[in-house]
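Results of the structural survey
Residue strings, one per chain:
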Amino acid sequence: MYEAFERQQEEKKKLIIQTVIEEFVQNGYENASTDVMTSRAGISKGLLFHYFKSKKNLYLYVVHYAKQLLTEKTMEAVNEIRCSDFFERIKQIVLTKQQIFMTYPNETQLVIDAVANPPKAVKKEMEQLLATHYETYAEDFQLQHIFLKDLLQKETLRDDVCAETVVRMTMLIVEQLSNKYMQLYKNKQYNPIQQGDLLVQELDEYVNIIKYGIYK
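Residues numbered from 1 in each chain as written. Predicted model: local features only at pLDDT ≥ 70, side-chain atom pairs only at ≥ 80, totals over all residues. Heavy atoms only, no water.

Observations concerning the packing of helix α2 (residues 10–31) against helix α7 (residues 105–116)
The condition that has to hold: Here, axes are lines fitted to C-alpha atoms. For helices the fit covers the stretch in contact, and angles between N-to-C directions go from 0 to 180 degrees. The numbering of helices and of strands both runs from the N terminus, where a helix is a DSSP run of H or I of at least 4 residues and a strand a run of E of at least 2. The labels follow the angle: roughly parallel below 35 degrees, roughly antiparallel above 145, roughly perpendicular from 65 to 115, and oblique for the rest. Helix crossings get a hand from a simple test, with the near helix turned counterclockwise from the far one by less than a right angle marking a left-handed crossing and a clockwise turn marking a right-handed one. Any pair of residues with heavy atoms lying within 4.5 Å of one another is described as a contacting pair. Gly falls in the polar group here, along with every residue not listed as nonpolar (Ala, Val, Leu, Ile, Met, Phe, Trp, Tyr, Cys, Pro) or charged (Asp, Glu, Lys, Arg).
At a minimum axis distance of 9 Å, the contact between α2 and α7 shows a crossing angle of 55°. By the angle class used here, α2 and α7 are oblique. In terms of crossing hand, the pair formed by α2 and α7 is left-handed. From α2, Gln18, Ile21, Glu22, Phe24 and Val25 reach across to α7, where they touch Asn106, Glu107, Gln109 and Leu110. Across the contact of α2 with α7, the residue classes tally to 4 nonpolar, 3 polar and 2 charged.

A word on the side chain of asparagine 57
Filter applied, for reference: Burial status follows relative accessibility: with a 1.4 Å probe on protein chains alone, a residue under 20% of its type maximum counts as buried, one over 50% as exposed, and anything between as partly exposed.
With respect to the helices and strands, the residue asparagine 57 is situated in helix α5 (residues 55–79). We classify asparagine 57 as buried; its relative accessible area is 16%. Sequence-distant contacts of asparagine 57, that is, excluding residues within four places in its chain, are made with Met1, Tyr2 and Phe52.

Remarks on the layout of surface pockets
Rules: Points on a 1 Å grid, built from protein atoms alone, make a cavity when a 1.4 Å probe fits but cannot get out and make a pocket when they are open with protein on both sides within 12 Å along at least 5 of 7 lines; residues with an atom within 4 Å of a point are the lining residues. Grid points are joined across faces, edges and corners, and a volume is the space filled by probe spheres set on the points.
There is about 1,700 Å³ of room inside the largest pocket. Along its surface, the largest pocket is lined by 48 residues, and Lys97, His133, Tyr134, Ser178 and Met182 are the ones closest to its centre. Those elements that place two or more of their residues in the lining of the largest pocket are α5, α6 (86–103), α7, α8 (123–136), α9 (139–145), α10 (163–186) and α11 (196–214). Sorting elements by how many residues they give to the lining of the largest pocket places α10 first, with 13 residues. Residue composition of the lining of the largest pocket, grouped by class: 31 nonpolar, 9 polar and 8 charged. By volume, the second largest pocket is sized at about 150 Å³. Together, Phe24, Val25, Gly28, Tyr29, Tyr59, Gln109, Leu110, Asp113, Ala114, Asn117, Pro118 and Pro119 line the second largest pocket. Those elements that provide at least two residues to the lining of the second largest pocket are α2 and α7. Class assignment for the residues of the lining of the second largest pocket results in 8 nonpolar, 3 polar and 1 charged.

Section: unusual backbone geometry
Although it is not a glycine, lysine 53 adopts a positive phi angle of roughly 75°. By secondary structure assignment, the location of lysine 53 is in the loop between α4 (45–52) and α5. Given the relative accessible area of 54%, lysine 53 is considered exposed. Positive phi is not limited to glycine here, since lysine 188 has a value of about 60°.

Quick look at α2
This is how the line gets drawn: Each helix should span, by expectation, one fewer than its residue count multiplied by 1.5 Å. Here the bend at each residue means the angle between axes fitted to two seven-residue stretches, the one ending at that residue and the one beginning there.
In this model α2 runs just 28 Å from its N-terminal to its C-terminal C-alpha over 22 residues, more than 12% under the 32 Å that 1.5 Å per residue would give. The axis of α2 is deflected most strongly, by about 80°, at valine 25. Among the residues making up α2, those that are buried are Lys13, Ile16, Ile17, Thr19, Val20, Ile21, Glu23, Phe24 and Tyr29. Where the residues of α2 are buried, they touch α1 (3–6), α3 (34–41), α4, α5 and α7.

Concerning the pattern of salt bridges
Proximity of charged atoms lets side chains of opposite charge pair with each other. Counted only if it meets this: A carboxyl oxygen of Asp or Glu within 4 Å of a side-chain nitrogen of Lys or Arg is what we treat as a salt bridge.
Summed over the entire model, instances satisfying the criterion amount to 13 salt bridges. Here glutamate 125 ties to lysine 56 by a salt bridge, and the two come within 3.0 Å at their closest N and O atoms. Here glutamate 125 is found in helix α8, whereas its partner lysine 56 is found in helix α5, with 69 residues between them in sequence. Taking the relative accessible area as the measure of exposure, glutamate 125 reaches 27% and is therefore partly exposed. By relative accessible area, which is 29% here, lysine 56 ends up partly exposed. The salt bridge partner of lysine 180 is glutamate 202, with a shortest N-O separation of 2.9 Å. Within this pair, whereas lysine 180 is found in helix α10, its partner glutamate 202 is found in helix α11, the two being separated by 22 residues in sequence.

Some thoughts on the packing of aromatic side chains
Two aromatic rings are characterised by how far apart their centres lie and by the angle between their planes. Stated formally: When two rings of Phe, Tyr or Trp (its six-membered ring) have centres within 6.5 Å they constitute a pair, described as stacked for plane angles under 30 degrees, edge-to-face for angles over 60, and tilted for the intermediate range.
According to the stated counting rule, one finds 13 aromatic pairs in the structure shown. Here the aromatic rings of phenylalanine 5 and tyrosine 61 are separated by 5.4 Å at their centres, their planes lie at 90°, and the arrangement is edge-to-face. Placement of the pair is phenylalanine 5 in helix α1 and tyrosine 61 in helix α5, with a sequence separation of 56 residues. Taking relative accessible area as the criterion, tyrosine 61 reaches 11% and is therefore assigned buried. With 6.0 Å between their ring centres and 5° between their planes, phenylalanine 24 and tyrosine 29 make a pair best called stacked.

Shape is all these values report; function is a separate question.
In structure tokens, the structure reads:
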């Protein structure tokens, strides 16, 4: 669908993408101006619509772009984490995600807005995007790449504690915290870019309770 755009020089593509993302983030889907986008990107409005056909397609393209960028950068950083402790690894991963958010604030804001408060024009597409995300990064992926059971100090676990249960309990806590802060964001009570340390601090409290409850 976007072949004409994809054939452009990488530098030109990045300028257009960044300009479009900034406008959507600053003004939202409804109020974002394609005139402003094209003026800042140094292209004609006709060319922009030649590339994307519609404002809706343009929005969907940059949301997918931003989500893919954040996912790739996060997984690259996660794969670089060298930690022999299960719980410290989880905390480092959460911190890493916050650092990625800080490095790419506009992309982060665009994706969070699209997921938390999707514009009516693209609500169906955002639901499909979320469904695909959860399918791709389901429990099996989490267990293989994030929640590494082998990092638990099994030799010092209490006799009545099962390692699998510890892993799943930790997964549930991380999921519930993510849902909690997403809801706070929807209610405009939390900004993940400016207040990301709140989630990290709360996770740290739960992790400490688990750690000192499962080991001998």
